[in-house]
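# What the coordinates show
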Protein chains: 2
Amino acid sequence: MKTTIKDIAREAGVSYQTVSKALRGTGSVNEDTAQKIKKIARDIGYVPSIAARAMTTRKSQLIAIFLPQIASSFYHTILQGIENLANEHNYSVLLYLFHNTSLENKLETILSYQVEGIIIFENHFSITLLSRFQAHKIPILFVNSTDIPSNANQIAIDACYGLKLAFAHLAELGHRHVLFALSDHEAGMKRIGELQAMIPRDYGMKLSSKVYCDYYSSEHVFRNFDVKDVQNGVTAIVCTSDYIALPIMTRLQEQRICVPEDMSLVGFDDLEFSAFLNPPLTTIQQPKRELGEKIFQMLFGLMRGETHQSMMIFPKLIVRGTTKMLTSK
Amino acid sequence: MKTTIKDIAREAGVSYQTVSKALRGTGSVNEDTAQKIKKIARDIGYVPSIAARAMTTRKSQLIAIFLPQIASSFYHTILQGIENLANEHNYSVLLYLFHNTSLENKLETILSYQVEGIIIFENHFSITLLSRFQAHKIPILFVNSTDIPSNANQIAIDACYGLKLAFAHLAELGHRHVLFALSDHEAGMKRIGELQAMIPRDYGMKLSSKVYCDYYSSEHVFRNFDVKDVQNGVTAIVCTSDYIALPIMTRLQEQRICVPEDMSLVGFDDLEFSAFLNPPLTTIQQPKRELGEKIFQMLFGLMRGETHQSMMIFPKLIVRGTTKMLTSK
DNA sequence: TTGTAGGCGTTATCAA
DNA sequence: TTGATAACGCCTACAA
């Protein structure tokens, strides 16, 4: 029913080991018989069993990706970069989405598949997890994770760099009092704290911060944002996500506060919709697809035995229609 | 290095076959020794090898999902539904994204993993592909696909039903001339053609149709939409995606055509951003997560031997701020 | 260049 | 209840 190399061997009148060699091009096989074998393989629709191969080689041709349970196209685009490159290298992608703690529960599953590498987004993990994988010698790559051990492999988009770009842009436009609209999980980050101290100092800017949601929920922002938050002299808002910027812009417009005339607004991520808002959103663009490809390349290197890797990617500012030179006082 | 049931067997002083039985709870094993075996397994961190298991059982605990290469949160949400349920049932998800023709190229890969079921979105496939999988007795479920063989398993959101909802809503509001803004790949669909014939007849409505992009590219729509398209008496626009509705709304507003006062607008999908636009978008909501769960349930049934299945899901109208009763002529 | 022997980790069968 | 034997499909020596 399922065809194996033995079927091919019988057909070709050789031993199945010869078939194995011929099909993979390893070892030495007579050119003619090799051709014959390959032809037969094609004709009967032979497909190698990765499971069987994995048993002897311990190569499953599988990598696992853990993504947060978030319905954002952001991750989907990164996924594209990873998947495309993985496929080119004959790897397939096992996708896992996690709630808060489910990652560790899935640990066993993932080990049982003998994946060759693991990609984890956004620091949902524990040290015990890390050590357990290390014991199995399976490389892990952390993406956009904070507070991870310094010896862990990681690749990240430098969010603080991007935010600085946003503040610098506003400073140049003359803004002196800015609201920093955050998502819950960012509020505790050390680097964000440093940034909050640095901005006023470096740009002579007054900075008000407020948490509007957990994990980029536009709905929460829409509910929590209050125009009073910007009625004390704030002339611009920097958001850590376009998902935060969008509802804020809508709220402002509802209250007849014009963007960017009365209030400048900067988002983060450059999601698909951002360029088509009215006005189009000034934001910090992340090279999503490129990031995906870098992620795979890095993991691939790790799987080939390269040692500890760490990489930063720098986002860039896209000036569109929601920021404007401050004119009146 | 990697621990196996034989390691456990040695430790417990029994044969490895007994360990196998004890761990899976099949066959009869002395309760005490079973407990002992399980404890040892836990202690030494035993993880079963799915590859090895798959060799004898032919169950890989794997399903494959083919998704179009589209950076929309729409698919990501459906994925969530599928993945969550799959994991509950101890299945893992192999994710593949395809360009136009790559599906067939990946066929071999997917067969080599001995996946137990396949989910394919949006009719990117061929008949030969279908028959090849049938030969391997691997069930395939088509999602939102059109023009597929009638004996194929499928689940779909009834887009035409949803669109009818949109037109009916506009008809009720008094609109008599509507622009139907399409994406390229829909233009050729039989059911869409039928719909275009039916709407004028059933609602006494004049219907203009225009293709603005291929595959929901907001960018193309933004470039291609021209206010002249609605200057011949059109009072409302129905779009086949929120990604189409968004740039149209922005274009209209740029030209001081107020939504909904001067022009009503209906989207499709209810993406995350849609509720937070200004004004919030009236649209057709698809039960994305629920669809994902239904998809897995259906595939799971198929994998257990259920016969040909077909299912329709009905979307619903969400009236928000972009549609309005037609007042003046 | 070819084939023999052994093993990868697990499950299934059946005799003890 | 237990364990010996065989098999799953393939790969890696190594010997012919």
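Residues numbered from 1 in each chain as written. Chains lettered and ligands numbered in written order. Predicted model: local features only at pLDDT ≥ 70, side-chain atom pairs only at ≥ 80, totals over all residues. Heavy atoms only, no water.

By the naming in an unreviewed UniProt entry, chain A goes by Transcriptional regulator, LacI family and is assigned to Vecturithrix granuli.

All names here are of chain A. On the surface, a cluster of nonpolar side chains totalling about 290 Å² of accessible area is made up of Tyr161, Met312 and Phe314. Relative to the helices and strands, Met312 resides in strand S11 (residues 310-313). A relative accessible area of 39% places Met312 in the partly exposed class. (Patch = residues over 30% accessible without salt bridge, like charges linked within 9 Å, V, L, I, M, F, W, Y side chains within 5 Å. Areas by Shrake-Rupley, 256 points an atom, 1.4 Å probe, with all protein chains shown as cover. Salt bridge = Lys/Arg side-chain N within 4 Å of Asp/Glu carboxyl O. Helix = DSSP H or I, 4+ residues; strand = E, 2+ residues; numbered from the N terminus. Buried < 20%, exposed > 50% of the residue type's maximum accessible area, 1.4 Å probe, protein only.)

Time to look at the domain arrangement of chain A. Residue and element names in this part refer to chain A. Each assigned domain of chain A is listed with its residue range as follows: domain 1 (5-48), domain 2 (62-158 + 288-313) and domain 3 (159-286). On a C-alpha basis, the centres of domain 2 and domain 3 stand 29 Å from each other. The interface is formed by 13 residues belonging to domain 2 together with 13 residues belonging to domain 3. Roughly 1,100 Å² of surface becomes buried between domain 2 and domain 3 when both sides are summed, with 45% attributable to carbon and sulfur atoms. The largest per-residue losses of area from domain 2 upon contact with domain 3 belong to Ser73, Asp158 and Lys288, which jointly make up 45% of the total buried on that side. (Domains from an automatic or database assignment. Contact = heavy atoms within 4.5 Å. Buried area = accessible area lost by both parts, 1.4 Å probe.)

Residues and elements named next belong to chain A. Pairing is parallel across the open sheet formed by four strands, whose spatial order is S7-S6-S8-S9. What marks the edges here is a single partner per strand, and that holds for strand S7 (206-213) and strand S9 (264-266). Strand-to-strand twist in this sheet, taken as the mean axis angle between neighbours without regard to direction, amounts to 20 degrees. Pairing geometry for strand S6 (residues 177-183) and strand S8 (residues 236-239), over four bridges, is parallel. By the bridge assignment, Phe180 is partnered in S8 with Val238. Contacts between helix H10 (residues 190-203) and the sheet are confined to S6 and S7, with S6 contributing the most and set at about 175 degrees to the helix. The strands touched by helix H12 (residues 242-254) within the sheet are S6, S7, S8 and S9, with S8 carrying the most contacts at an inclination of about 150 degrees. (Pairing = 2+ DSSP bridges. Axes fitted to C-alpha atoms, helices over the stretch in contact; angles between N-to-C directions.)

Annotation from UniProt places "domain: HTH lacI-type" (unreviewed entry) at residues 3-57 of chain A. As annotated, residues 3-57 of chain A comprises 69% helix and 0% strand, and the C-alpha atoms at either end are separated by 21 Å. (UniProt positions renumbered as here; feature names shortened; annotations may be inferred.)

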